[in-house]
Amino acid sequence: MATAEVERKRGQLAALSIAVVVVLVGVPLWWRTTETYRAWLPVNQINELAELQLQLSVDVEVVFSRGTLMPEQQKKVPFTRTQEEAQKVDDDTTLRYRYESKYRTANIMEEDALKQPTAAEADLSLHTLSASPCGSVVVYVIPETSVLLPQGVDVYIGHRRTAVLRMGAPMSVGKNHKQLLAHLEPRITQVVQVMSFSHTDITAALSDRVRLSPGSKESLADSMRSFKSSPGYEITFSLLNPDPKSHRLDWDIEGAVHSYIQPLLTKLAPLANFSIDSQILYYAMLGVNPRFDSSLEAYTLNADSLAHVINPVEARLGSNAASSNPVLNFLLYVPDAHHSPLYIHDHQKQPVASNAFHSPRWGGIMVYNVNDLYGRGETPLPVNININMEKVMGVFLAQLRLMLGVQSSPAPPGFLVEPCGGAGLADWELDRLMWSRTVENVATATTTITSLAQLLDQIGNIVINDNIASQVSSTVTSLQLAVAELEAGNLGFALQYSKEAILASERAFFDPSLLHLLYFPDDQKFAIYIPLFLPMCVPILLSLIKIASEARQRRKLKQSKKD
Amino acid sequence: MAARRCLGLWFFLITLCVVSTGADVLHTTPVTGTESSAAGTETVVARELPEAPSDPGEHTAAEPTREGEQNDRTRGGEQTLGQPTREEEQEQEKTREGEQTPAQPTREEEEEEEEQEQTRGEEEFTREEEEEELTREEEELTTEEEELTREEEEQTREEEELTTEEEELTTEEEELTREEEEQTREEEEEQQTTAQQEEQTKRWEATELEEEHVHDAAVPPLAGDPPAADPPSPPPSKDDFQEELVIRPLHSGDIYASFQFRTVWDADFMGDQKVSHYRLFPKSLGQVITKFSVRELHISFTQGYWRTMQWGQPYLPSPPGAELWVWFQDTVTDVDGTWKELTNVLSGIFCASLNFIDSTNTVQPSASFKPLGIGNVTDHSFLRYATLPREIVCTENLTPWKKLLPCGSKAGLSVLLKSEKLFHSTFHSQAVHVRPVCQDPQCRTTSMELRQTLNVVFDLHTSGQGKREWSLFKMFSRTLTEACPLASSSKVYVDVTDNPQGEQFELSPATPLLTQAVVLGDRRTYSVYDLTQQASFGSSRSLNMLLRWKAADGEMLRPLLHSERYVAGYGLQAGEIHTLIYNHHPYRAFPVLLLSAVPWYLRLYIHTLTVSSKGKDNRPSYIHYQPSKDRERPHLLEMLLQLPPNSVTEVTVEFERALLKWTEYTPDPNHGFYVGSSVISALVPSVVAMDTNSTLDRPLFSSFFPCKEEASYFMRVYTEPLLVNLPTPDFSMPYNVICLTCTVVAVGYGSLYNLLTRTFQVDEPSPGLAKRIANVIRRFRGVPLL
């Protein structure tokens, strides 16, 4: 009986030790060999970024010229003053605008500059006096009686980051400095909104994050016209020659790009990289047959049919094989002898002066009529035609500005905006673009990174390599820096960081290693394990239960013995 | 863990039950033959046929009756108009149709007439179809549009001072028809539907050009260089485009048609300045060359195998499947990375699976692939060569290839490239070659040359019910009507060497122009049709060459170099690759370079390499062998062999088949695995003196391979690709094997567990089997026996 007891004890011990071995060695071994590698991700910081709180700070310098302030006002006008405005865009996104105004009086040189005969000259000499940093605005307040601005113009905005503001009648201003500031502040804000950003711009830039309530059709079209922010753009000029038998076309695209497009792109260089190329496509037809209008003795294209014009051409345009940046297409169509002149009509059936149209986020098309060069059939075909690039590039430049989002919203009444000069872009327009692009980059990068984090969280099987983790961390760092720089008002740095963030986030999101593994559903995996697990675990479990029940019985027995 | 063990076990089981099958050995006996003599210097002769009339408009003397009829049919008054326009041509055709009763045509003429009629009829048919469509559309037209038409007629009449209103109508119709045709053609494009959907969502708006912009544009922005000041003087011919079609009637009754399109652009792709303004050169390709710093790029897609013994040598050889070889510029630092990116981009451009090119099928040949353009690069670390023998070539590869042509498929020779006919052929090969070439004889400046070639062999003998005749229309279902207006030369050559007196076949319309060219070591005579000359099209305004064989069979000059390759051996473990290289030259020996790239899963035993010719050992004078690394790189074997005259040289090497991982098998593993063609590059002794001046104006088909010396010419021969069976597991097994092994493990474990934990009690004196086993274990463990 003693041996039987020993034997039973030994059996129990064996069962227990096997269970212990299985639990201590087998399970961890199985777990370790079948687990996927997942690097650590800064999930908390990503979640913080999901709740985006952007603060945009603008430095506004208000300079009072002589004659605008009374001596007692001059003493009392504060040195600096901060104005804040908070806007809640949606549940996760809040915006705060902060205008940091500095007040000072003009120094002698500035006074001299403001005495120039025209506003443009004053603007230029003010610029040479002091170059204001990127993203800031300088407003010069001039007296009501100044002749610098023409009659009826209250605000003048030049090529740089300066604006000239007429004070307004002394009576309306009032004597008190508080009244004065109260009079000035809304007008300064208005100037700043034109020169740096307005709430509509910023919300449009946030469209990647925030689903906009469908506003007016016009504003939607405006917001959708320009290309999305991207680290680079490919600009392609294509000359379409539908019939090389009737004319041979020559265009000096190299020279035209150099003198018309390049200055603008050089100006835009901090925003993105641009590459330009051109091609000539032969036998490139429009997708619709233009109607012959007998009253005009010309062919016409209606606005409704414009949508179909491109289809056959687009197949031949070709995407840029060597990069994945968005392509801006500018097509110059020269109709052949039998189909010219060709005019584009708008929705009101009126001919479009530029004879060009554009498609949002795609590019523009211009029709270039050359029928007067045919010389009434006397010259033998094909006719050699040299294209007047000045005319063409004027249109393409305007379209390029639209596509890139350099659109000045119509200036409020009383504003005089100096037309942009040789560079094709004023400094403040660049600033405006940089503001909205920075916000857009931040919005896009945060959306990308949060959705990536969500995806990785949802699918536990995805391997997260170290390089993805490092990309994610660098995205998060760049985003935090960009937000901080926006808050500090350093626009240039903010844009730089936001670009880095967007690049890193795209790289992480589209990393091919995220797709490598085959994902099997859990039930199938367990179906494969069952032939192994079931016969192994059932005896162990049963003997454990038996041991437990025996132990309980023994305890009961002991208890009863005690009793 | 368990699963891994199971897989191992499963593979073990697989290897145990390897099935052995025998491999068929193919062998053909070499035939000896004679060789054509005739040596001399090459001249291009343009002679007129004796009967040729002086008027270029009436070009054929071979059919005087027909010519007369046509003259009768054409209205006399129109002849004075000089260059008749297209609508007149149609008019003429219609007239001809109306008076469709030739007086007394001979039988041959009748046949010819029939053929032409058929052609014309088919053309008419399509035209009629289109006209039907047109009329239907016209019915739908509103009165406004009718007015429009009439208005336009008036306008055109004013402009062109043409005679009748009827003609005007034809102009209109013609134009509309043409447009419609274009439209339908365009609609064939694949991207059409998607693009249209996209377009619908886009909002189109007229560009409102603000005053300031116009003003702005009018003022030259940069004071330094006003664009209007320097007169736009583009170099007169910065780029040049040529097109060419060579038709060679083959003795087997097949027809070999070879298209070549050449764009030469005097742009410096290798300089520092970025090339970005494209005219005739395709932008997509130019961008690739610029971005990846490509010096030379050769890519070919081939369907079918070129049968050298039946067809002779092709103008441009290519292996079955896809082949890509690229020389990079020496500024490229990471050649492998660039190569990988380049193959991916090219795969997108040509719609092909070039992205499957990776390190396991890429080699760096040391001697076989020298640059074909200028530049004497010897460092072969900038060269990459890969073949995909499995690649299937079809329309999706043809469409992007055609897009690279300046005229697309709209005009010139490229209108013949209709995929439904081109792929209904025995052999189809299309290629793109980009290389730098000399601009002038002194080679001071370089230009980039893009050659697009398309070779096709039609088996018209079987499809034409045994009639040995062909015409352009029969081959391509199109005829030629014009040259590409952008082409500086546009020619059709027909090889008539074997037909000096017209005893073999008859070619119509006959052409007065004959030219001779030295190509592939032989002087050939070609009839030339120059499409830039209106006279080539004759009065029918369309060129439809017709060739009718008279003699049933002719003697073909046997190619001097020819090769075969096959796999020998039985079973799925070992095998042997045999390569036979034939030298049919009766008295000259010449050297060849043999390159074979074998995938890693055939493990070559290089010590078994034997080279023998005429039963004797033939030691290669140069061997470059790079062993493979599993899953990393293939075997590369290059040899320089001297082929004795009139001999067969046999190269054999044994190999062992490797067992692949289960994910490495293709979706259809029992089909077998392809081994790409071997490449034999040779300098074959030429019977006539070759032309070594590369800048001379020569037909394109004879000027591809640069020729360094007069006595020999360069040639490349591709062997057959091999199809090798590898040991293939049953892929439905893994789950079963896992279940089985798990059960075995569980059963073993279970009994062991039982024995270890169960208590046994003595019941009877004679111990049972279980007790005895238990005792054995207990004795083993030193525990007291039961």
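Before reading on, note that the structure itself is shown above.
Calculation criteria
- Residues numbered from 1 in each chain as written.
- Chains lettered and ligands numbered in written order.
- Predicted model: local features only at pLDDT ≥ 70, side-chain atom pairs only at ≥ 80, totals over all residues.
- Heavy atoms only, no water.
- Helix = DSSP H or I, 4+ residues; strand = E, 2+ residues; numbered from the N terminus.
- Buried < 20%, exposed > 50% of the residue type's maximum accessible area, 1.4 Å probe, protein only.
- Contact = heavy atoms within 4.5 Å.
- Areas by Shrake-Rupley, 256 points an atom, 1.4 Å probe, with all protein chains shown as cover.
- Core = buried A, V, L, I, M, F, W, Y, C linked by side-chain atoms within 4.5 Å.
- 1 Å grid on protein atoms, 1.4 Å probe; cavity = no way out; pocket = protein on both sides within 12 Å on 5 of 7 lines; lining within 4 Å.
- Points joined across faces, edges and corners; volume = space filled by probe spheres on them.
- Patch = residues over 30% accessible without salt bridge, like charges linked within 9 Å, V, L, I, M, F, W, Y side chains within 5 Å.
- Salt bridge = Lys/Arg side-chain N within 4 Å of Asp/Glu carboxyl O.
- Phe/Tyr/Trp six-rings, centres within 6.5 Å; stacked < 30°, edge-to-face > 60°.
- Lys NZ or Arg CZ within 6 Å of the ring centre and 35° of its normal.
- Disulfide = S-S within 2.5 Å.
- Pairing = 2+ DSSP bridges.
- Axes fitted to C-alpha atoms, helices over the stretch in contact; angles between N-to-C directions.
- Expected span 1.5 Å × (residues − 1).
- Parallel < 35°, antiparallel > 145°, perpendicular 65-115°, else oblique.
- Nonpolar A, V, L, I, M, F, W, Y, C, P; charged D, E, K, R; others polar.
- Lys, Arg positive; Asp, Glu negative; His and termini not counted.
- Charge placed at Lys NZ, Arg CZ, Asp CG, Glu CD.

S.K.: What is the right way to look at the overall build of chain A in this model?
M.R.: Of regular secondary structure, chain A possesses 16 helices and 17 strands. By residue count, 50% of the 563 residues in chain A fall in the buried class. Residue pairs at least 24 apart in sequence account for 78% of intrachain contacts in chain A once pairs closer than 6 positions are excluded. When the accessible surface of chain A is totalled, it reaches about 26,500 Å², and 57% of it is carbon and sulfur.

S.K.: Just to check I follow, could you spell out the overall build of chain B for this structure?
M.R.: Counting its secondary structure elements, chain B contains 18 helices and 27 strands. Out of the 786 residues belonging to chain B, those deemed buried represent 50%. Put simply, chain B shows about 37,300 Å² of open surface, and 52% of that area lies on carbon and sulfur atoms.

S.K.: How should the nonpolar core be read in this particular structure?
M.R.: A general tendency of soluble globular proteins is for nonpolar side chains to be buried together. With 206 residues, the main nonpolar core has Phe 237, Ile 261 and Ile 387 of chain A together with Leu 480 of chain B as its most contacted residues. Broken down by element, this core gets its largest block of residues, 13 residues, from helix α13 (residues 427-458) of chain A. Here Phe 237 of chain A is in contact with Trp 251, Ile 253, Val 257, Ile 261, Ile 276, Asp 277, Ser 278, Gln 279, Phe 330, Met 393 and Phe 396 of chain A, once residues within four sequence places are set aside. Residues Leu 594, Val 598, Tyr 665 and Ala 682 of chain B belong to the second largest nonpolar core, which totals 40 residues.

S.K.: Any chance you could explain empty space enclosed by the protein here in plain terms?
M.R.: In this approach a probe as big as a water molecule rolls over the atoms, and the regions it shows empty are the leftover space. All names here are of chain B. The final tally for this structure, using the stated rule, is 16 cavities of 30 Å³ or more. Of the voids in this model, the second largest cavity is the one considered here, and its volume is about 170 Å³. What lines the second largest cavity is a set of 16 residues, among which Leu 520, Met 690, Ser 702, Phe 705 and Phe 714 lie closest to the centre. Elements with a contribution of two residues or more to the lining of the second largest cavity: β13 (514-519) and β26 (712-718).

S.K.: Explain a nonpolar patch on the surface to me, please; I cannot follow it from the model alone.
M.R.: Residue and element names in this part refer to chain A. Together, Ile 530, Leu 534, Val 538, Leu 541, Leu 542 and Ile 545 make up a nonpolar patch on the protein surface, roughly 580 Å² of accessible area in all. Within the secondary structure, Ile 545 is located in helix α16 (residues 522-562). For Ile 545, a relative accessible area of 55% translates into the label exposed.

S.K.: Explain the packing of aromatic side chains to me, please; I cannot follow it from the model alone.
M.R.: Ring pairs (aromatic) are described by centroid distance and by the angle formed between their planes. Residue and element names in this part refer to chain B. Going through the model one piece at a time under the given rule, you end up with 33 aromatic pairs over all chains. Their ring planes at 75 degrees and their centres at 5.3 Å tell us that Tyr 493 and Phe 701 sit as a pair that is edge-to-face. Note that Tyr 493 is positioned in strand β11 (residues 489-495) and Phe 701 in the loop between β25 (679-685) and β26, a separation of 208 residues in sequence. Grouping residues by exposure puts Tyr 493 and Phe 701 together as buried. Above the plane of the ring of Tyr 315 lies Arg 248, whose end atom (NZ or CZ) is 5.1 Å from the centre.

S.K.: Would you mind showing me how to read the state of the cysteines here?
M.R.: Residue and element names in this part refer to chain B. Per the stated rule, a full pass over the model turns up one disulfide over all chains. Of the cysteine sulfurs around Cys 351, a residue in no disulfide, the closest is that of Cys 394, at 11 Å. With relative accessibility at 45%, the residue Cys 351 sits in the partly exposed group.

S.K.: Explain the sheet that holds strand β9 (residues 446-458) of chain B to me, please; I cannot follow it from the model alone.
M.R.: Think of a sheet as strands paired side by side through backbone hydrogen bonds, with each pair either parallel or antiparallel. All names here are of chain B. Pairing is mixed across the open sheet formed by 11 strands, whose spatial order is β6-β7-β5-β4-β8-β9-β3-β2-β11-β14-β13. Unpaired on one side and paired on the other, β6 (362-363) and β13 mark the two borders of the sheet. The sheet contacts of helix α12 (residues 335-350) involve β4 (294-303), β5 (321-328), β6, β7 (383-388) and β8 (427-438), and relative to β5 the element is tilted by about 135 degrees. Sitting on the sheet, helix α13 (residues 395-403) is in contact with β3 (255-265), β8 and β9, with an inclination near 30 degrees to β8.

S.K.: Even after reading the chapter, I still don't get the sheet that holds strand β18 (residues 590-598) of chain B, so can you show me in this structure?
M.R.: Residue and element names in this part refer to chain B. Overall, antiparallel pairing links the five strands, which are arranged β21-β22-β18-β25-β26 in an open sheet. The outermost strands of the open sheet, each flanked by one partner alone, are β21 (622-626) and β26. Across the sheet, the axes of successive neighbouring strands diverge by a mean angle of 15 degrees, strand direction being ignored. In the sheet, β18 pairs with β25 via four bridges, with the strands oriented antiparallel. Bridging across to β25, Leu 594 finds its partner in Ile 680.

S.K.: Mind showing me how you'd approach helix α10 (residues 283-291) of chain B here?
M.R.: Since the α-helix turns once every 3.6 residues, residues separated by three or four places project in the same direction. When α10 of chain B is considered as a whole, its buried residues turn out to be Lys 283, Leu 285, Gly 286, Gln 287, Val 288 and Ile 289 of chain B. Following α10 of chain B by one or two positions, Ser 293 of chain B adopts a phi angle in the positive range, close to 50 degrees.

S.K.: Could you clarify how one ought to interpret helix α14 (residues 466-488) of chain A in this entry?
M.R.: Residues and elements named next belong to chain A. For α14, built from 23 residues, the straight-helix expectation of 33 Å at 1.5 Å per residue is met to within 8% by its first-to-last C-alpha distance of 33 Å. Along α14, the residues classified as buried are Ile 468, Ala 469, Gln 471, Val 472, Thr 475, Val 476, Ser 478, Leu 479, Ala 482, Val 483, Glu 485 and Leu 486. Tucked into the core, α14 has its buried residues touching α2 (43-50), β1 (52-64), α13 and α15 (491-509). Directly after α14, the chain includes Gly 489, whose backbone phi takes a positive value near 85 degrees.

S.K.: Got a minute to help me understand the packing of α10 of chain B against α12 of chain B in this structure?
M.R.: Axis angle and axis distance: for two packed helices, these are the angle between their axes and the distance between the axes, and together they describe the pair. Residue and element names in this part refer to chain B. In the contact formed by α10 and α12, the axes pass within 11 Å of each other and the chain directions differ by 180 degrees. Considered as vectors, α10 and α12 are oriented roughly antiparallel to each other. When α10 is examined against α12, the residues Ser 284, Leu 285, Val 288 and Lys 291 are found in contact with a partner set consisting of Glu 341, Leu 342, Val 345, Leu 346, Ile 349 and Phe 350. Split by residue class, the contact of α10 with α12 holds seven nonpolar, one polar and two charged.

S.K.: Which parts of the structure should I look at to understand a positive patch on the surface?
M.R.: Residues and elements named next belong to chain A. Taken together, the side chains of Lys 9, Arg 554, Lys 558, Lys 561 and Lys 562 make up a positively charged region of the molecular surface. For the positive patch, the element with the most residues is α16, which contributes four residues. Mapping Lys 562 onto the fold places it in helix α16.

S.K.: I tried to follow the pattern of salt bridges on my own but got confused; where do I start?
M.R.: Once their charged atoms are close, side chains differing in charge can pair, the charge on each being opposite to the other. Tallying each qualifying case throughout the model produces 16 salt bridges over all chains. Arg 437 of chain A is the partner of Glu 440 of chain A in a salt bridge, and the nearest nitrogen-oxygen pair spans 3.9 Å. With a gap of three residues between them, Glu 440 of chain A and Arg 437 of chain A both fall in helix α13, about one helical turn apart. Judged on exposure class, the residue Glu 440 of chain A and its partner Arg 437 of chain A are both buried. Where salt bridges share partners, they join Arg 262, Arg 435, Glu 449 and Arg 451 of chain B into one cluster.

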